[in-house]
Amino acid sequence: MLMNDMMLSQDYALDEARSLLTQFEAAPLSALLAEASQMAREAHGHNISFSRKVFIPLTQLCRDTCAYCTFAKTPRHFKSAYLSSDDVLKIARAGERAGCSEALFTLGDKPELRYAAAREALDVLGYSSTHTYLEAMCELVLKETSLLPHVNAGVMSEEEISQFRRVSVSQGIMLESISHRLCERGGAHFGSPDKDPAVRLEMIAAAGRQKVPFTSGILIGIGENRLERVQSLLALRDLHRQYGHIQEVIVQNFRAKTDTRFAANCEPDLDDLLWTAAVARIVLGGKMNIQVPPNLSYSDYPKLLQAGINDWRGVSPITVDHVNPEAAWPTIAKLRNETEHAGFSLAPRLAAYPGYLGTKWLDLEIYRRSLQLIDSNGFVREDDWAPGALAEVPPQSISAQRSYQFDSLINRAMAGERLDERGIERLFSAKGSAVEEIATAADELRHRVSGDTVRYVVNRNINYTNVCIYRCSFCAFSKGKSHDHLRGKPYDISLDEVKRRVREAWNRGATEVCMQGGINPHYTGQTYLDIVRAVKDEVAEMHVHAFSPLEISQGAATLNITIDRFLRMLRDEGLGSLPGTAAEILDDDIRRVICADKVNTQQWLSVIRTAHECGLPTTSTIMFGHIETPSSWAKHLLALRDLQSETSGITEFVALPFVHMEAPMSLRGQARKGPTWREVRLMHAISRLVLHPLITNIQASWVKVGAEGAGVLLRGGANDLGGTLMNESISRAAGTQHGQELDPRNMESLIRGVSRTPKQRTTLYAEAPAQQQAKSYEAAPLSDLVLDPFVGKRKNVPGKPNSEIGVAS
């Protein structure tokens, strides 16, 4: 018998349900709660999610007559059978102003099949059915606001589900109960054809076939028994096993309402609700999202956190719960306080859960919209801050309640232990007061390792060409001849201009030139050797910090020699160290999307390892905040730690927040808006902990986060501010507005502003020569740059066909 046929039977999974019920009823409630809670924490950590929503009751007419419902009313209660488009937009825009992300469309089921008033209203509006009007209203909300619709429109056909997938981020229908008894005379669902469990189960299955993120759940206290509750949960479990689409299961308790047939019925007590929520967690497994509405338990709702739930459902700051208008939602501030008091963190989410925010589950345009609203974990961004933008950094989270969630991981890291990927991912999930605890621990470790001195180097960036054969989707700097619209024309500066900039930098107190560029098809390994020689010929004392692993790989390939030999040739010409750029994210699943033709993770690590073996130190970097997740961050940090334990050649770790404004993949709607400020703080703090004691210098990029942001990061694990730069092209091309130079006086003012001691350093962390330091404080203005246009002929580059050369994005 097929599963859906079995679900038509009152005996669905009867033996399994009886066996489970026997176990559940034999166990003390405290034991069930403990088991459910442990399962939830192992799968979801200490974050309790909720959706900030507006409730849009498009119509409260309904053809069903459920015995407990006050949402559905007859036409005489309304001036209009449906909300107008203006009404819908008024509610949606109010929600947008209040910071909501979800437009919850809840409405009665197919009222036009019962009421002439509904049919007449639809005729006037110009729609054939409630569902076609709803589809238009979803489109309107998407067009006019940033909200994403969730559709709860009763029973729909598979074709309708497919149509709504285009205009909504998720859909749902409550199973309520698998019990057919409730549809009989005197039952809760008598006279309600759309509450037939077989009909509802078929719709849930159809949503699975259409790959729709789907919400369902059970309603307890409406005449069902506990065996039927377990059967209902098993039915949802089995549908989810088949399709993987049930993103959340609601356990909702019946509340008696006046003017209903069930007005005198008894309500489930708190213990019964706790029992059912715990049973749902155990039956459905740790990974399922289990929610219980907080407003229906009134002041007792914090106790629900004992039962293994991980979500509070949707909460609206501006609209009532139209289904349960007598039960006001707690304010979001109170919900946060109560959640934190219980030892958890509140995590706003979209109507679709993090695991469903991909093109497998969402229409492409809905997916692109959702990317702009979420952080790396798939939760809603906490603020409007973005790397590179001239905006104040958000205030720190202040809570009197200490979380203690991560003490074990923090203590192990501070002792120098290598954490595993899962532990690092957990640290990156921190929210609220837990972020402050991690940052405080990182700052304590920074003080222990580096003291209160903050170092920086007076240097000059020289980006000698922006012509590149690679198609990195995050890069707005590199150019081909057809990409003038991405911040400027292709250029390839002369060696004379390199020398001029080197001399000017030396005269302004620099001890380092940092040189990188695109992979120009006109370049060979000899080009890089000539660049180094030009620098050393002009100023022998200048430290040459140059060439990413990608440039090293290309240079060696063009000369048909090993990377080891090429690095030794560069070293002998005067190369002093390599920037650990082109790392982006050391996770090949991500690299295949953002830089598919670039060196892979092992190739990048191999070049860095070889550089260290040749006596060339390197920095290390990460570019974060685009499409990757904390799992990628954990892999990246551990790869660096493991390499450093092998070679000891990394001088510092530089966290580079993705600047999204002009990045091609952002312009195409294919990336997030960079990391959130919380994530930036966590990256610097967690890298201090995870890389301890092997990499001791954690650098904050003032050009990405601004002076104010850098000051905060210096109090959360960072001990270095990198270079003064003089010229900065790559982040500026991506859209950063924090300038190209932070001169020594302003650098030191920033450092003293956080009660630290500034100190100029060399690239390799020696003290800068006194003569150069003196010059740096009296530096003359920079001369205008000379950007020679790219006119070179295309040449064959090993591994690249001619058709790909000179094209970049």
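Residues numbered from 1 in each chain as written. Predicted model: local features only at pLDDT ≥ 70, side-chain atom pairs only at ≥ 80, totals over all residues. Heavy atoms only, no water.

A.B. asks: Please clarify how the overall build of the chain should be interpreted in this entry.
C.D. replies: When its secondary structure is counted, the chain shows 28 helices and 19 strands. Viewed in the frame of its principal axes, the chain has a C-alpha envelope of about 95 × 55 × 50 Å. Long-range pairs, those at least 24 residues apart, make up 78% of the contacts in the chain with a sequence separation of at least 6. When the accessible surface of the chain is totalled, it reaches about 29800 Å², and 49% of it is carbon and sulfur. Distance between charge centres in the chain, computed from 91 positive and 96 negative side chains, equals 2 Å. (Helix = DSSP H or I, 4+ residues; strand = E, 2+ residues; numbered from the N terminus. Contact = heavy atoms within 4.5 Å. Areas by Shrake-Rupley, 256 points an atom, 1.4 Å probe, with all protein chains shown as cover. Lys, Arg positive; Asp, Glu negative; His and termini not counted. Charge placed at Lys NZ, Arg CZ, Asp CG, Glu CD.)

A.B. asks: I tried to follow the packing of aromatic side chains on my own but got confused; where do I start?
C.D. replies: Centre-to-centre distance and the angle between the planes together describe a pair of aromatic rings. All told, the structure shown has 13 aromatic pairs when counted by the stated rule. Consider the rings of Tyr523 and Tyr528, whose centres lie 5.8 Å apart with planes at 75°: the pair is edge-to-face. When sorted by exposure, Tyr523 lands in the same class as Tyr528, which is buried. Within the aromatic cluster, the residues linked to one another by ring pairs are Tyr464, Tyr523, Tyr528 and Phe547. Arg226 extends its terminal NZ or CZ atom over the ring of Trp275, reaching a point 3.8 Å from the ring centre. The positively charged end of Arg761 is found above the aromatic ring belonging to Tyr765, 4.1 Å away from the centroid. (Phe/Tyr/Trp six-rings, centres within 6.5 Å; stacked < 30°, edge-to-face > 60°. Buried < 20%, exposed > 50% of the residue type's maximum accessible area, 1.4 Å probe, protein only. Lys NZ or Arg CZ within 6 Å of the ring centre and 35° of its normal.)

A.B. asks: I tried to follow the sheet that holds strand E12 (residues 512-516) on my own but got confused; where do I start?
C.D. replies: Adjacent strands of a sheet form backbone hydrogen bonds with each other and so pair up, either parallel or antiparallel. Taken in spatial order, the four strands line up as E11-E12-E13-E14 in an open sheet, and their pairing is parallel. Two strands close off the open sheet at either side, each with one partner strand: strand E11 (459-463) and strand E14 (575-577). For this sheet, the mean angle separating the axes of adjacent strands, direction not counted, is 40°. Bridge analysis of strand E13 (residues 543-546) against E14 gives two bridges, and the strand direction is parallel. Bridging across to E14, Val544 finds its partner in Leu575. (Pairing = 2+ DSSP bridges. Axes fitted to C-alpha atoms, helices over the stretch in contact; angles between N-to-C directions.)

A.B. asks: What is the right way to read the environment of Arg503 from this model?
C.D. replies: Of note, Arg503 is situated in helix H16 (residues 495-507). For the pair Arg503 and Glu538, spaced 35 residues apart in the sequence, the C-alpha separation amounts to 6.7 Å. Arg503 has contacts with Glu538 and Val539, leaving out every residue within four places of it along the chain.

A.B. asks: I tried to follow empty space enclosed by the protein on my own but got confused; where do I start?
C.D. replies: The probe, sized like a water molecule, is rolled over the atoms to show the empty space still left. Tallied over the full model, the rule gives five cavities of 30 Å³ or more. Here the second largest cavity is characterised by a volume of approximately 890 Å³. As for the second largest cavity, its lining consists of 48 residues, of which Thr106, Asn152, Met174, Arg313 and Val323 are closest to the centre. Elements with a contribution of two residues or more to the lining of the second largest cavity: strand E1 (47-57), strand E2 (102-106), strand E3 (148-152), strand E5 (214-220), strand E6 (246-253) and strand E8 (311-315). In terms of residue count, E6 provides more of the lining of the second largest cavity than any other element does, four residues in total. When the residues that make up the lining of the second largest cavity are grouped by side-chain class, the tally is 20 nonpolar, 15 polar and 13 charged. (1 Å grid on protein atoms, 1.4 Å probe; cavity = no way out; pocket = protein on both sides within 12 Å on 5 of 7 lines; lining within 4 Å. Points joined across faces, edges and corners; volume = space filled by probe spheres on them. Nonpolar A, V, L, I, M, F, W, Y, C, P; charged D, E, K, R; others polar.)

A.B. asks: Help me understand the pairing of E13, please; the structure alone is not making it clear to me.
C.D. replies: Note on strand geometry: in a regular strand, side chains alternate between the two faces of the sheet. Here E13 shows a buried face lined by His543 and His545 and a second buried face lined by Val544 and Ala546. Bridging between E12 and E13 involves four bridges; their strand directions are parallel. Residue pairing in the sheet places Glu512 in a bridge with His543 of E13. On the question of chirality, the crossover connecting E12 to the parallel E13 by way of helix H17 (residues 525-538) is right-handed. (Right-handed = clockwise from strand over helix to strand, strands pointing away.)

A.B. asks: Just to check I follow, could you spell out the pairing of E1 for this structure?
C.D. replies: By the criterion of burial, E1 is predominantly enclosed, with 10 of the 11 residues buried. Relative to E8, E1 runs parallel, the two being bridged by three bridges. Across the sheet, the residue bridging to Ser49 is Asp311, located in E8. Across five bridges, the pairing between E1 and E2 is parallel. Residue pairing in the sheet places Lys53 in a bridge with Glu102 of E2.

A.B. asks: Would you take a moment to explain the pattern of salt bridges for this structure?
C.D. replies: Side chains that carry opposite charge are capable of pairing whenever their charged atoms lie near each other. Under the definition given, this model contains 54 salt bridges. Among the salt bridges present, the one from Glu248 reaches Arg349, with a minimum N-O distance of 3.4 Å. Of this pair, Glu248 sits in strand E6 while Arg349 sits in strand E9 (residues 345-349), and the two are 101 residues apart along the sequence. The pair Glu248 / Arg349 is uniform in exposure class, with both members buried. We note a salt bridge from Arg745 to Glu778, for which the minimum N-O separation is 3.1 Å. Of the two residues, Arg745 sits in helix H27 (residues 744-753) while Glu778 sits in the segment after helix H28 (770-776), which places them 33 residues apart along the sequence. Under the relative-accessibility criterion, Glu778 is labelled exposed at 60%. By sharing partners, the salt bridges in this structure join Glu25, Glu224, Arg226, Arg229 and Asp272 into a single network. (Salt bridge = Lys/Arg side-chain N within 4 Å of Asp/Glu carboxyl O.)

A.B. asks: Please explain the nonpolar core as it appears in this structure.
C.D. replies: The nonpolar side chains of soluble globular proteins are, as a tendency, buried together. Counting residues in hydrophobic clusters, the biggest one holds 119 residues, and the most contacted among them are Ile438, Met515, Phe547, Phe653 and Leu721. Element by element, the count of residues in this core is highest for helix H24 (residues 677-691), at nine residues. Those residues in contact with Ile438, other than ones at most four positions away along the chain, are Phe406, Ile410, Leu427, Ala430, Leu682, Ala685, Ile686 and Leu689. Counting 110 residues, the second-largest nonpolar core is a separate cluster that includes Phe24, Leu104, Val212 and Leu234. (Core = buried A, V, L, I, M, F, W, Y, C linked by side-chain atoms within 4.5 Å.)

A.B. asks: Would you explain the layout of surface pockets in this entry?
C.D. replies: Estimates place the volume of the largest pocket at around 1500 Å³. For the largest pocket, the lining is made up of 42 residues, of which Ala43, Pro354, Gly355, Asn377 and Glu425 are closest to its centre. Listing elements by their share of the lining of the largest pocket, those giving two or more residues are helix H3 (29-44), E1, E6, helix H12 (364-371), helix H14 (421-428) and helix H22 (630-647). Take the lining of the largest pocket: its biggest share by element is four residues, from H3. When the residues that make up the lining of the largest pocket are grouped by side-chain class, the tally is 15 nonpolar, 18 polar and nine charged. By volume, the second largest pocket amounts to about 890 Å³. Around the second largest pocket, the lining comprises 34 residues; the ones closest to its centre are Pro348, Val380, Arg381, Glu382 and Asp383. Mapped onto the lining of the second largest pocket, the elements with two or more residues apiece are helix H11 (332-341), E9, helix H15 (433-450) and H24. The dominant element in the lining of the second largest pocket, judged by the number of residues it contributes, is E9, at four residues. For the lining of the second largest pocket, the residue count by class is 10 nonpolar, 10 polar and 14 charged.

A.B. asks: Would you take a moment to explain H14 for this structure?
C.D. replies: Looking at H14, one finds that the buried residues are Gly423, Ile424, Leu427 and Phe428. All buried residues of H14 project into a common sector of 140° when viewed along the axis, lining one side. Contacts made by the buried residues of H14 are with helix H13 (407-414), H15, H22 and H24. (Arc of directions from axis to C-beta.)

A.B. asks: Whenever I open this one, the side chain of Ser49 confuses me. Can you help?
C.D. replies: Inspection of the secondary structure puts Ser49 in strand E1. Setting aside residues no more than four positions away along its own chain, Ser49 makes contact with Asn310, Asp311, Trp312, Arg313, Ala347, Arg349, Tyr353 and Phe379.

A.B. asks: Is there a simple way to think about unusual backbone geometry in this case?
C.D. replies: Comment: phi is negative for the bulk of residues other than glycine, and the bulk of peptide bonds are trans. For the bond from His692 to Pro693, the omega torsion is 0°, close enough to zero to count as cis. Looking at the element boundaries, Pro693 is found in the loop between H24 and strand E17 (698-699). For Ala13, which is not glycine, the phi torsion reads 50° and is therefore positive. With respect to the secondary-structure elements, Ala13 resides in the loop between helix H1 (3-7) and helix H2 (14-26). For Ala13, a relative accessible area of 18% corresponds to the buried category. The backbone of Lys110 sits at a positive phi, close to 40°, despite the residue not being glycine. For Lys110, the position within the fold is in the loop between E2 and helix H5 (116-125).

Spatial relationships are all this shows, so hold off on functional conclusions.
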